[in-house]
Amino acid sequence: MTDATPRPSVLFVCVHNAGRSQMAAGFLRELGGGAVDVRSAGSMPGDRINPVAVEAMREVGIDIADQQPRVLAPAAVEASDVVVTMGCGDACPYYPGTRYEDWELDDPAGRDLDAVRTIRDEIHARVVALLESLGVAPADVGGSEASGGPVEGRAG
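Rules used throughout
Residues numbered from 1 in each chain as written. Predicted model: local features only at pLDDT ≥ 70, side-chain atom pairs only at ≥ 80, totals over all residues. Heavy atoms only, no water. Helix = DSSP H or I, 4+ residues; strand = E, 2+ residues; numbered from the N terminus. Areas by Shrake-Rupley, 256 points an atom, 1.4 Å probe, with all protein chains shown as cover. Core = buried A, V, L, I, M, F, W, Y, C linked by side-chain atoms within 4.5 Å. Buried < 20%, exposed > 50% of the residue type's maximum accessible area, 1.4 Å probe, protein only. Salt bridge = Lys/Arg side-chain N within 4 Å of Asp/Glu carboxyl O.

J.: Pulling in residues and values, what's your account of the overall build of the protein?
T.: For the protein, the helix and strand inventory stands at four helices and four strands. Ordered by position from N to C terminus, the α and β elements of the protein give β-α-β-α-α-β-β-α. For the protein, the accessible area works out to roughly 7300 Å², and carbon and sulfur atoms hold 48% of it.

J.: Any chance you could break down the environment of valine 82 for me, citing the residues and the numbers?
T.: When you line up the elements, valine 82 lands in strand 3 (residues 82-86). For the pair formed by valine 82 and glycine 97, sequence separation is 15 residues and the distance between their alpha carbons is 9.3 Å.

J.: Kindly report on the nonpolar core, identifying the contributing residues and their values.
T.: Core analysis: the biggest nonpolar cluster contains 33 residues, and Val10, Phe12, Trp103 and Val127 have the highest contact counts within it. Elements that contribute at least two residues to this core include exactly strand 1 (9-14), helix 1 (20-32), helix 2 (51-58), strand 3 and helix 4 (113-133). The element contributing the most residues to this core is helix 4, with seven residues. Counting residues in hydrophobic clusters, the runner-up holds 10 residues, among them Val15, Ala41, Ala76 and Cys88.

J.: An account of the pattern of salt bridges is requested, with residue identities and associated values reported.
T.: As a working rule, side chains carrying opposite charge can pair if their charged atoms are close by. Tallied over the full model, the rule gives 11 salt bridges. Between aspartate 63 and arginine 58 there is a salt bridge; the shortest N-O distance is 3.7 Å. Arginine 58 gets classed as partly exposed once you look at its relative accessible area, which sits at 43%. In this structure, glutamate 59 engages arginine 117 in a salt bridge whose closest nitrogen and oxygen atoms are separated by 2.6 Å. Linking glutamate 59 in the loop between helix 2 and helix 3 (74-78) with arginine 117 in helix 4, this pair joins segments that are 58 residues apart in sequence. What you see here is one network of salt bridges that share partners, running through Glu59, Asp114, Arg117, Arg120 and Asp121.

Take it as geometry only, folks, not as evidence of what the structure does.
Right, here's the structure in full:
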């Protein structure tokens, strides 16, 4: 993308905005290298980010501990070029001209770290594909696993 091209914006939505959507937003912020505006929200936001999701992301060099669950607002959907839903059903308003994707992913709530790693790795692969579909090359994040290389031994 050139400087003359407006940055695409992506909104990740799940029910509690405490796990899947926060991990996806964390990956997109890091791998997008500032080329994408990133938002996340929940249809019924939780009180805090899932600590197991925070730990799983920390393992790949991405810190989401300072993020807070946010309520889904129609204005955030309307302002986004792409809305990625993750298990929130029909809670997301529809706006013509907005691209919608539904990522079927397990909910990390109540899962152990090994299970959340598997979910994290699937999210990583999908974020890399999303960036490519937006014409944005994934950034090299200091040579960490988050840069698009293998995550926990899996190909990204």
